[in-house]
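What follows is the residue order along each chain.
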Amino acid sequence: MSFIKLLDKLSNEEVLNAKTSRKDSFKKMKNFGKGAALASIPFGLAATSNKTKAATMNMAAAAFQASPTDVLNFALTLEYLERNFYQMGLDTDGLIPEEDRDVFGLIAEHESDHVDFLVAALGDDAIAEPEFDFTGKGLNLDTFSNYATFMALAQGFEDTGVRAYKGQAGALIDNNDLLTYALQIHSIEARHASQVRRMRGEKGWITQNNNTLPDAFNAIYAGEENLTIGGFDLSSVDFSAVGGNDAVTEAFDEPLTMDEVNAIATNFIVTNDN
Amino acid sequence: MKKPVVKVEFGDKKGQGNSRRRFIKMSGLAFAGSTLLYACSEDDDFNPGMEPEPEPTPDPDPEAFDLGSGDVGILNYALALEQLEAAFYQMVLDGDYFAGASDEEKTIMTDLRNHEVIHREVLRTALNSVVDEDMVIPELEFDFSEANVDFSDRTSVLNTALLLEDTGVSAYNGAGKLISNADYLLVAGQIVSVEARHASAIADLINPGSTDFARNDVLVDLGGSGVAYDKAQAPSEILEAVVGLGVVQTPFTANNLPTE
């Protein structure tokens with residue numbers, strides 16, 4: 001069933017309003033990661049099928065943007081990657097010190113929940129989980145034998161996640177519910193990022209494009225030094241009383257395009273069944 | 001010290017659609033929400049320009065500034081929140097807790113003040129570039145003594161900071177869908193993740209090494225997948241919470257904000 005068909009099906013009055021028929025409808029659907037409990041997700045999605053907001057003004061922009069299905073599968077790829085990464089880390093004896101296990105345990109749980117949510121939302125359109133290689137393929141990273149490397153990658157993945165979701169907000173602007181869900185995940189990734197960064201001795205926020213990751217991952221921070229916000233060139237504004245340009249770059253996180261994110265993620269993806 | 005006055009009125013009016021009208025006044029801050037008018041203002045979504053359409057709103061306080069409608073209304077709403085945060089952190093930097101704080105906490109509090117001031121100024125600049133000055137929310141006055149914030153006490157300061165940051169995250173997440181212009185949506189996205197970074201850091205200062213950076217009591221579940229999502233609250237809810245703090249001394253109204 002395509003994503004759009006799913007929406008159409010769920011926007012059916014009967015499905016929305018009658019308890020029994022609703023139950024029956026969901027029984028016929030597959031791919032709900034956590035079964036019946038997740039049945040409420042498509043309800044939110046159903047409400048969006050009647051959405052006509054700004055249909056005209058955004059038509060031109062939409063032509064250059066990914067479909068909601070593409071955006072959700074893009075997000076799902078990143079969440080698969082994160083879930084897999086943290087689970088492998090937690091499963092590796094002696095890698096994560098006892099005092100940090102709760103933090104990574106919680107982050108792993110969130111990423112796993114995000115996977116379940118996106119899979120449920122996508123239904124049959126959900127891509128299969130790719131095979132991952134956290135040595136970074138040719139980079140030969142000692143990810144699961146060196147905690148410092150694991151932490152550096154954790155930071156990189158979280159900061160990438162923040163930029164990735166941010167970059168797709170515009171593609172969801174005509175879909176209120178999906179946009180809101182994406183934002184609700186986006187800021188959680190930022191909470192994770194801040195925590196991991198601070199555990200590594202960095203600030204929770206990103207100054208310029210500074211980072212302490214291996215050079216191979218400069219792309220994760222490329223563009224964070226941007227001083228043009230909302231079309232305004234802030235480099236000409238005197239913010240010296242409040243931290244100057246460094247503070248300006250910290251105050252605004254920057255988006256990445258889907259291609260830019262995929263170029264980062266591809267270092268860790270062996271196969272993609274899609 | 002004057003006592004906060006709380007006045008909440010609910011009254012049904014006859015008319016098409018849902019016409020519940022709500023008016024809340026406390027400590028000089030007032031806002032009114034009308035679901036009927038919210039419903040009407042959906043038309044703004046089809047207006048790509050920045051001129052808010054005049055709304056036939058009965059103004060509960062003609063003296064008060066109204067945030068306006070459409071994207072301008074949402075930007076003014078965001079500017080009000082950033083003003084509150086910036087004012088708070090400036091008070092923190094001027095207070096006794098900061099004077100005696102560790103270097104790490106001094107750095108963090110200074111960064112937060114800087115970020116919020118920059119957010120405020122950028123939002124103000126964006127608004128001033130598209131509407132006349134009288135449609136941009138004026139400089140608000142705040143009185144944190146109304147909320148019993150003790151700027152000499154670390155716990156009081158950090159707990160208030162955490163509340164403001166968590167509220168900011170939820171506010172921007174809830175406002176996203178109300179924004180029509182993709183450029184403004186991106187700016188909101190650029191700000192909200194920084195607010196979330198702040199919230200995470202402050203929670204960790206309060207309870208170091210814990211999982212409070214993304215603690216369950218500020219998160220929500222989506223569709224039974226797990227408690228793994230930030231909140232996304234409507235402006236009416238956020239403003240009610242801000243009113244509840246009792247620190248905003250300048251009246252303003254939010255009669256025409258979009259709800260869809």
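A. Broad picture of the overall build of chain B. Counting secondary structure elements, chain B contains 7 helices and 7 strands. Along chain B, helices and strands appear, N-terminal first, in the series β-β-β-α-β-α-α-α-α-α-β-β-α-β. Expressed as a percentage of its 260 residues, the buried residues of chain B come to 53%. Sequence-distant contacts in chain B: of pairs separated by 6 or more residues, those separated by 24 or more amount to 68%.

B. Spatial organisation of the overall build of chain A. Across its full length, chain A carries 11 helices and 4 strands. Every one of the 274 residues in chain A was classed for burial, and the buried ones make up 47%.

C. Broad picture of the interface of chain A and chain B. Of the residues lining the interface, 63 residues belong to chain A; the matching set on chain B comes to 50 residues. Only helix H7 (98-122), helix H8 (147-168), helix H9 (176-199) and helix H10 (244-251) of chain A provide two or more residues apiece to the side of chain A that touches chain B. Residue composition of the side of chain A that touches chain B, grouped by class: 31 nonpolar, 18 polar and 14 charged.

D. Expanded view of the nonpolar core. Core analysis: the biggest nonpolar cluster contains 139 residues, and A:Leu118 and B:Ala188 have the highest contact counts within it. With 14 residues, helix H2 (residues 70-93) of chain B is the largest single contributor of residues to this core. Not counting chain neighbours up to four residues away, the residues in contact with B:Ala188 comprise B:Ala78, B:Tyr172, B:Ala175, B:Gly176 and B:Ile179.

E. Spatial organisation of the packing of H9(A) against helix H6 (residues 182-206) of chain B. Their axes nearest at 8 Å, the elements H9(A) and H6(B) cross at an angle of 45°. As the angle between them shows, H9(A) and H6(B) are arranged oblique. In this structure, H9(A) meets H6(B) at a crossing whose hand is right-handed. Note on element contacts: H6(B) touches H9(A) through B:Gly189, B:Val192, B:Ser193, B:Ala196, B:Arg197, B:Ala199, B:Ser200, B:Ala201 and B:Asp204, opposite A:Leu183, A:His186, A:Ser187, A:Ala190, A:Arg191, A:Ala193, A:Ser194, A:Gln195 and A:Arg198. Here the contact of H9(A) with H6(B) is composed, by residue class, of 7 nonpolar, 7 polar and 4 charged.

F. Just the environment of B:Asp153, in detail. Structurally, the position occupied by B:Asp153 is in the loop between helix H4 (103-130) and helix H5 (154-175). With 58 residues separating them along the chain, B:Asp153 and B:Gly95 place their C-alpha atoms 9.0 Å apart.

G. Here's a closer look at unusual backbone geometry. The phi dihedral of A:Lys137 is positive, around 50°, even though this residue is not glycine. Relative to the elements of secondary structure, A:Lys137 occurs in the loop between strand E1 (131-132) and H8. The partly exposed category is assigned to A:Lys137, around which 13 C-beta atoms lie within 10 Å. Unlike most non-glycine residues, B:Asn148 shows phi in positive territory, near 55°. By the element assignment, B:Asn148 lies in the loop between H4 and H5. On the neighbour-count criterion, B:Asn148 (11 C-beta atoms within 10 Å) is exposed.

So, how was this worked out
Residues numbered from 1 in each chain as written. Chains lettered and ligands numbered in written order. Predicted model: local features only at pLDDT ≥ 70, side-chain atom pairs only at ≥ 80, totals over all residues. Helix = DSSP H or I, 4+ residues; strand = E, 2+ residues; numbered from the N terminus. Buried ≥ 20, exposed ≤ 12 C-beta atoms within 10 Å, placed from the backbone. Contact = placed C-beta atoms within 7 Å. Nonpolar A, V, L, I, M, F, W, Y, C, P; charged D, E, K, R; others polar. Core = buried A, V, L, I, M, F, W, Y, C linked by C-beta atoms within 7 Å. Axes fitted to C-alpha atoms, helices over the stretch in contact; angles between N-to-C directions. Parallel < 35°, antiparallel > 145°, perpendicular 65-115°, else oblique. Left-handed = near helix turned anticlockwise from the far one by under 90°.

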